[in-house]
Amino acid sequence: MTLLAELERTTADFTAALADAAGAAEAESLRNAYLGRKGALAALMSRLPELAAGERPAFGKAANAAKERLNTLLEERLAAFKAEADRASLARFDPSMPGRMPERGSLHPVTLVMEEICRILNNLGFETVDGPEAETDFHNFEALNFPKDHPARDMQDTLFLSGELLMRTHTSPMQVRAMLERKKPPVAVIAPGKVYRRDYDQTHSPMFHQVEGLLVDKGVSLAHLRGVLTHLLRDLFGPDVTLRFRPSFFPFTEPSVEVDMSCVICRGSGRKADGKSGESPCRVCRSTGWLEILGAGMVDPAVFAAVDFDPACTGFAFGLGVERVAMLKYGIDDLRLFFENDLRFLTRFVK
Ligand code: PHE
């Protein structure tokens, strides 16, 4: 076979192989095999010396033209494969599909209420302080006038850790820490945070939140306590709220009070207006017209002694349950909802 005939056959082979190629990769592999430096065309060119001198220019021309043509065919085929791939991926893309909205986080209702309580008290001049949740027996009990083996300790179902540590049962140990740190009056602090008790039912959770308040100075009285709490609860629940102090007992306050506020549902009437029959008993306050909302009192002299404060100063302290406030504010009747992480519940409080 003449060299020219071989060139023609090689060209035909290439064209057939290109037509058979199933995809871009297969077509691309022909480039090396036919058009590369060690490919079929180069091999034919290298046999130029086999020809008579007069035939060489014509063959060289034919070979170059063939190379150029095959190159063009290859590029065209590759472009066709690419266009097909683009078409296929566009077919999978549906511009009418609704977009996927990014999920936005939001603050937990307990956090929202805790921040609101702190904001109101900060505005009155109370400074926010923070302390450990794993607390010593000294700060949680001893310095707060709960002697060892005293039955007052039974008020708090404590979760003990190893050694002298326990999970704090209230935020009151922050009273002790604040006074030890400040060394002398005046002290005006609030301490928000988590507390722990061995408790679990519709209104008790083994972890919940309190905000502690403490004001110590010369001449602080129960009237100041009443003023601060009235301001706080009216800001939280509305200007009509009234307060009631009931005698109570805490080892670290004397006198101690349980603070009730007028029911936010029936406005203290004990009866709730209902559409059909006119009125029905208020379930939230059990018809009493009052809601227990926090514990408070005047700092007991025994606590001042424990932190080495001048016995001539006086002070008040209060402890507020944050979940309790949130439940009343949002009308929630099961405290456990706060801790089940159900987004249908949590996203209702997005601000
Ligand atoms: N620490 C008390 C409790 O958790 C509440 C309280 C705080 C009472 C401050 C009086 C003064 O029950």
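Higher on the page you've got the structure.
Residues numbered from 1 in each chain as written. Predicted model: local features only at pLDDT ≥ 70, side-chain atom pairs only at ≥ 80, totals over all residues. Heavy atoms only, no water.

**Quick look at the overall build of the chain**
Cut-off, in case you're wondering: To qualify as a helix, a DSSP run of H or I must reach at least 4 residues; to qualify as a strand, a run of E must reach at least 2; elements of each kind are numbered from the N terminus. This radius of gyration counts C-alpha atoms alone. The globule rule is 2.2 Å times how many residues there are, raised to the power 0.38. Here the term buried applies to any residue with accessible area under 20% of the maximum for its type, exposed to any over 50%, and partly exposed to those in between, with areas from a 1.4 Å probe on protein chains only. Contacts are residue-level and defined by heavy atoms, with any inter-residue pair within 4.5 Å sufficient. Accessible surface area values rest on a Shrake-Rupley calculation with a 1.4 Å probe, where residue burial reflects the displayed protein chains alone.
Helix and strand counts for the chain come out as eleven helices and eleven strands. Here the chain has a C-alpha radius of gyration of 42 Å; the compact-globule value for 351 residues is 20 Å, and the former is much larger. In terms of its C-alpha atoms, the chain occupies a principal-axis envelope of roughly 125 × 60 × 35 Å. Residues counted as buried form 41% of the 351 residues belonging to the chain. Contacts spanning at least 24 positions in sequence make up 67% of the contacts within the chain whose residues lie at least 6 apart. Accessible area for the chain stands at about 19900 Å²; split by element, carbon and sulfur atoms hold 54% of it.

**A word on the side chain of E258**
To keep it simple, the criterion reads: Under the counting rule used here, the positive set is Lys and Arg, the negative set is Asp and Glu, and His together with the chain ends is not counted. Should a side-chain nitrogen of Lys or Arg be within 4 Å of a carboxyl oxygen of Asp or Glu, the pair is scored as a salt bridge. We define a polar contact as two N or O atoms separated by no more than 3.5 Å, with the added condition that, inside protein, one atom must be a possible hydrogen donor and the other a possible acceptor, whereas residues neighbouring each other in sequence contribute only through side-chain atom pairs.
Turning to its location among the elements, E258 is positioned in strand β7 (residues 253-262). Despite its burial, E258 pairs with no opposite charge, the nearest such side chain being R246 at 5.3 Å. In terms of polar contacts, E258 uses its side chain to reach the side chain of S248, at 3.2 Å. Residue contacts for E258: discarding those within four places in its chain leaves R244, F245, R246, S248, F250, L294 and G295.

**Digging into the sheet that holds strand β5 (residues 207-217)**
Operational definition: Any two strands between which DSSP finds at least two bridges are classified as paired.
The sheet built from seven strands is open, its strands ordered β1-β4-β5-β11-β10-β7-β6 with mixed pairing. Each having just a single partner strand, β1 (127-128) and β6 (243-250) make up the two edges of the open sheet. Across seven bridges, β6 lies against β7 in antiparallel orientation. Bridging across to β7, L243 finds its partner in M261.

**Comments concerning unusual backbone geometry**
Following P185, the chain continues to P186 via a peptide bond in cis, the omega torsion being 0 degrees. Mapped onto the secondary structure, P186 falls in the loop between α7 (173-182) and β4 (187-196). Positioned with a positive phi, D149 is a non-glycine residue whose angle comes to about 65 degrees. Checked against the element boundaries, D149 lands in the loop between α6 (137-140) and β3 (165-167). Using a relative accessible area of 79% as the deciding quantity, one classes D149 as exposed.

**Re helix α8 (residues 222-237)**
Defined as follows: Each helix should span, by expectation, one fewer than its residue count multiplied by 1.5 Å.
Between its terminal C-alpha atoms α8 stretches 22 Å, which fits the 22 Å expected from 16 residues at 1.5 Å a residue. Among all positions of α8, only L225, V228, L229, T230, L232, L233, L236 and F237 are buried. Check the buried side of α8 and you find it contacts α5 (109-123), β6, β7, β10 (290-299), β11 (314-321) and α10 (322-330). The opening residue of α8, the one whose side-chain oxygen lies 3.1 Å from the backbone nitrogen of A223, is S221. G238 sits one or two positions beyond α8 and adopts a positive phi of about 115 degrees.

**What to know about the packing of helix α1 (residues 3-20) against helix α4 (residues 56-92)**
Put simply, the rule reads: Only the stretch in contact is used when fitting a helix axis, every axis being a line fitted to C-alpha atoms; angles between N-to-C directions are given from 0 to 180 degrees. Here the word oblique covers every angle except those under 35 degrees (roughly parallel), over 145 (roughly antiparallel) and from 65 to 115 (roughly perpendicular). Charged residues are taken to be Asp, Glu, Lys and Arg, nonpolar residues to be Ala, Val, Leu, Ile, Met, Phe, Trp, Tyr, Cys and Pro, and polar residues to be all remaining types, Gly included.
At a minimum axis separation of 11 Å, α1 and α4 run at an interaxial angle of 0 degrees. When the axis of α1 is compared with that of α4, the two are roughly parallel. The segment α1 lies against α4, with L3, L4, L7, T11, F14, T15, L18 and A19 engaging F59, A62, A63, A66, R69, L70, L73, L74 and R77. Taken together, the residues of the contact of α1 with α4 sort by class into 13 nonpolar, two polar and two charged.

Bear in mind that shape data such as this cannot, by itself, settle questions of function.
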